[in-house]
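# Commentary on secondary and tertiary structure
Residue strings, one per chain:
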Amino acid sequence: MTEIVMQNLGRDFGDFTALADMNLTIGDGEFVALLGPSGCGKSTTMNMIAGMLEPTSGEIRFDGRRMNGVPMARRGVGFVFQNYAIFTHMSVRENLAYGLKAQGVSRSEQARRVGDIAELLQLTPMLDRRAAGLSVNILQRLAIGRSAVVEPAIFLLDEPLSNVDAAFRATMRGELKSLQRQFRQTMVYVTHDQLEAMTMADRIAVMDHGKLLQVGTPLEVYNNPVDTFVARFIGAPGMNLLRGRVTGADTGTVIDLGAAGHSGPVTVAQGGEVWFGFRPELVQPDAAGPLAMQVSMIERIGARIILHLAAGDHLAKAVLDSETPVPAQGETFRFSVPQTEIRLFDAQTERAL
Ligand code: ATP
């Protein structure tokens with residue numbers, strides 16, 4: 001219920017710049033994921049939004065009001081960390097009611113809101129259990145509930161699912177999304193897991209080395225990564241990138257990929273070296289295709305096959321459905337990539353062409 005604006009936001013620790021010149025507007029009621037590898041500055045950004053850390057440059061505004069210097073308690077933010085902070089001597093119900101009590105909400109209203117949030121997060125059966133004896137999964141669910149129940153205008157979650165098991169993580173992805181839909185809070189979610197960001201966020205802000213690289217909807221960053229880092233980081237497996245050279249051929253301009261053959265016709269303004277990018281799931285087996293690589297490994301994962309491919313210095317993966325006939329390990333796999341699915345990146349700058 002609040003718009004967050006970060007303008008030229010930066011944070012140094014001594015000589016080290018943890019975040020540089022961040023410009024990002026998070027809309028009222030929007031769910032934005034800050035995504036990037038460990039140490040890229042996600043938590044630094046989040047802590048500055050929360051008011052736990054002061055910027056060394058730039059500005060943060062909530063609905064136009066400057067927040068620099070405003071203490072956390074007066075920012076109207078709810079914060080859930082990787083390591084949940086739960087009062088273990090209290091029951092689940094008491095933990096959920098804690099913030100409402102502190103706000104002076106009436107007893108009947110407390111009961112109603114605790115009941116609702118417990119239902120939403122499937123905590124109803126354990127409302128009267130003491131938190132001390134609960135599993136990590138339930139405790140993290142409770143931590144989320146305890147922050148959400150006070151309906152903060154801004155809800156900040158820093159890797160809230162990294163300590164829970166995989167099956168539970170999948171369930172929680174759905175629950176967090178519906179929680180946010182219901183309350184329409186502005187939600188900022190820190191994660192290094194691209195799947196979490198892709199499945200939950202309205203927009204993803206991809207970061208690396210203290211810099212914001214790209215902001216867009218999950219589909220935008222998946223389809224049109226701004227550089228090779230984003231191309232590799234988004235998707236599982238990430239985008240294939242083969243180093244090649246722009247060359248003229250009878251069929252028009254193509255990318256010469258040496259041992260792997262060449263691309264189909266491409267439109268590219270520059271000559272020289274490029275990265276030829278394509279998504280593993282958009283590879284088309286094609287006996288007459290211009291690309292050929294050796295199968296180095298075959299992984300069968302349920303409904304998918306992942307072919308690991310190699311040719312000279314090139315490595316790539318192809319994701320196919322399990323019905324697709326594939327060559328044996330060591331044999332050659334011929335394929336093509338639809339022209340519209342080819343992404344080219346400058347080999348020097350690593351930027352999309
Ligand atoms: P992670 O998921 O590992 O927490 P992150 O993307 O959240 O990664 P940050 O915690 O924001 O990264 O840290 C960014 C960089 O700033 C890291 O290199 C970290 O070592 C450094 N850093 C963070 N806090 C401090 C501090 N108080 N003093 C010195 N360096 C710090």
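Please read these numbers as outputs of a predicted model, since none were measured by experiment.

What counts, and where the lines are drawn
Residues numbered from 1 in each chain as written. Predicted model: local features only at pLDDT ≥ 70, side-chain atom pairs only at ≥ 80, totals over all residues. Heavy atoms only, no water. Pairing = 2+ DSSP bridges. Helix = DSSP H or I, 4+ residues; strand = E, 2+ residues; numbered from the N terminus. Phe/Tyr/Trp six-rings, centres within 6.5 Å; stacked < 30°, edge-to-face > 60°. Buried < 20%, exposed > 50% of the residue type's maximum accessible area, 1.4 Å probe, protein only. Lys NZ or Arg CZ within 6 Å of the ring centre and 35° of its normal. Axes fitted to C-alpha atoms, helices over the stretch in contact; angles between N-to-C directions. Contact = heavy atoms within 4.5 Å. Expected span 1.5 Å × (residues − 1). Core = buried A, V, L, I, M, F, W, Y, C linked by side-chain atoms within 4.5 Å. Near = heavy atom within 4 Å. Polar contact = N/O pair within 3.5 Å; in protein donor to acceptor, adjacent residues only side chain to side chain. Areas by Shrake-Rupley, 256 points an atom, 1.4 Å probe, with all protein chains shown as cover.

### Examining the pairing of strand E4 (residues 57-62)
When strand E1 (residues 4-13) meets E4, the two strands line up antiparallel, connected through five bridges. From the neighbouring strand, Gly-10 faces E4, where its bridge partner is Ser-57. The pairing of E4 with strand E5 (residues 65-66) spans two bridges and is antiparallel. Bridged to Phe-62 within E5 is Arg-65.

### Re the packing of aromatic side chains
Under the counting rule described, the total for this entry stands at six aromatic pairs. Look at Phe-31 and Tyr-189: their rings are 5.9 Å apart centre to centre, the planes differ by 40°, and that puts the pair in the tilted class. Here Tyr-189 lies in strand E8 (residues 186-191) and Phe-31 lies in strand E3 (residues 31-35), a separation of 158 residues in the sequence. Per residue, the accessibility class of Phe-31 equals that of Tyr-189, and both read buried. Between Phe-87 and Tyr-98 the ring centres are 4.7 Å apart and the planes differ by 55°, which places this aromatic pair in the tilted class. Of this pair, Phe-87 sits in the loop between strand E6 (77-80) and helix H2 (92-102) while Tyr-98 sits in helix H2, and the two are eleven residues apart along the sequence. What makes Phe-87 partly exposed here is its relative accessible area of 27%. In this structure an aromatic cluster arises from ring pairing among Phe-276, Phe-278, Phe-333 and Phe-335. Here the guanidinium or amino end of Arg-279 rests over the ring plane of Tyr-222, the centre of that ring lying 4.2 Å away.

### Focus on the sheet that holds strand E10 (residues 211-216)
Adjacent strands of a sheet form backbone hydrogen bonds with each other and so pair up, either parallel or antiparallel. Overall, mixed pairing links the six strands, which are arranged E6-E7-E8-E3-E9-E10 in an open sheet. Since the sheet does not close on itself, it has two edges, and those belong to E6 and E10, each with one partner. Here the strands of the sheet are splayed against their neighbours by 15° on average, with no regard to which way each runs. As paired elements, strand E7 (residues 154-158) and E8 share five bridges and run parallel to each other. Among the inter-strand pairings, Ile-154 is bridged to a residue of E8, identified as Thr-186. Its contacts with the sheet put helix H4 (residues 136-148) on E6 and E7, and the angle it makes with E6 is roughly 175°.

### A word on unusual backbone geometry
A cis geometry characterises the amide bond from Ala-236 onward to Pro-237, with omega recorded as -5°. Although it is not a glycine, His-209 adopts a positive phi angle of roughly 50°. In this structure, His-209 sits in the loop between strand E9 (203-208) and E10. With relative accessibility at 65%, the residue His-209 sits in the exposed group. Located in the positive-phi region is Glu-350, a residue other than glycine, with phi close to 65°. By the secondary structure assignment, Glu-350 is in the segment after strand E19 (343-346).

### Describing H4
Helix length check: H4, at 13 residues, gives a terminal C-alpha distance of 18 Å against a target of 18 Å (1.5 Å per residue), a fit within 8%. The buried fraction of H4 amounts to twelve of the 13 residues, a majority that puts the element mostly inside the structure. Buried residues along H4 sit against E6, H2, helix H3 (107-120), E7 and helix H5 (166-183).

### As for the nonpolar core
Membership of the largest hydrophobic core comes to 47 residues, with the highest contact counts inside it found for Leu-96, Leu-123, Ile-144 and Leu-176. With six residues, H4 is the single largest residue contributor to this core. Apart from residues lying up to four places away in sequence, Leu-176 is in contact with Ile-144, Leu-157, Leu-161, Met-187, Tyr-189 and Met-200.

### Regarding the site of the ligand
Close to the ligand lie Phe-13, Phe-16, Ala-18, Pro-37, Ser-38, Gly-39, Cys-40, Gly-41, Lys-42, Ser-43, Thr-44 and Glu-159, which account for all nearby residues. The contact in question runs from an oxygen atom of the ligand to an N or O atom on the side chain of Ser-38, over 2.6 Å. Note that an oxygen atom of the ligand is positioned 3.0 Å from one of the backbone N or O atoms of Gly-41. Expressed as a share of its isolated accessible area of 630 Å², the protein-covered part of the ligand is 56%. Ranked by residue count, the leading element in the shell around the ligand is helix H1 (residues 42-50), at three residues.

### A look at the environment of Val-221
Looking at where Val-221 falls in the secondary structure, it is placed in helix H7 (residues 218-223). Taking relative accessible area as the criterion, Val-221 reaches 0% and is therefore assigned buried. Sequence-wise, Val-221 and Arg-343 are 122 residues apart; in three dimensions their C-alpha atoms are separated by 12 Å. When sequence neighbours within four positions are dropped, the list of residues in contact with Val-221 reads Met-198, Ile-204, Val-206, Gln-214, Gly-216, Val-230, Ile-234 and Arg-279.

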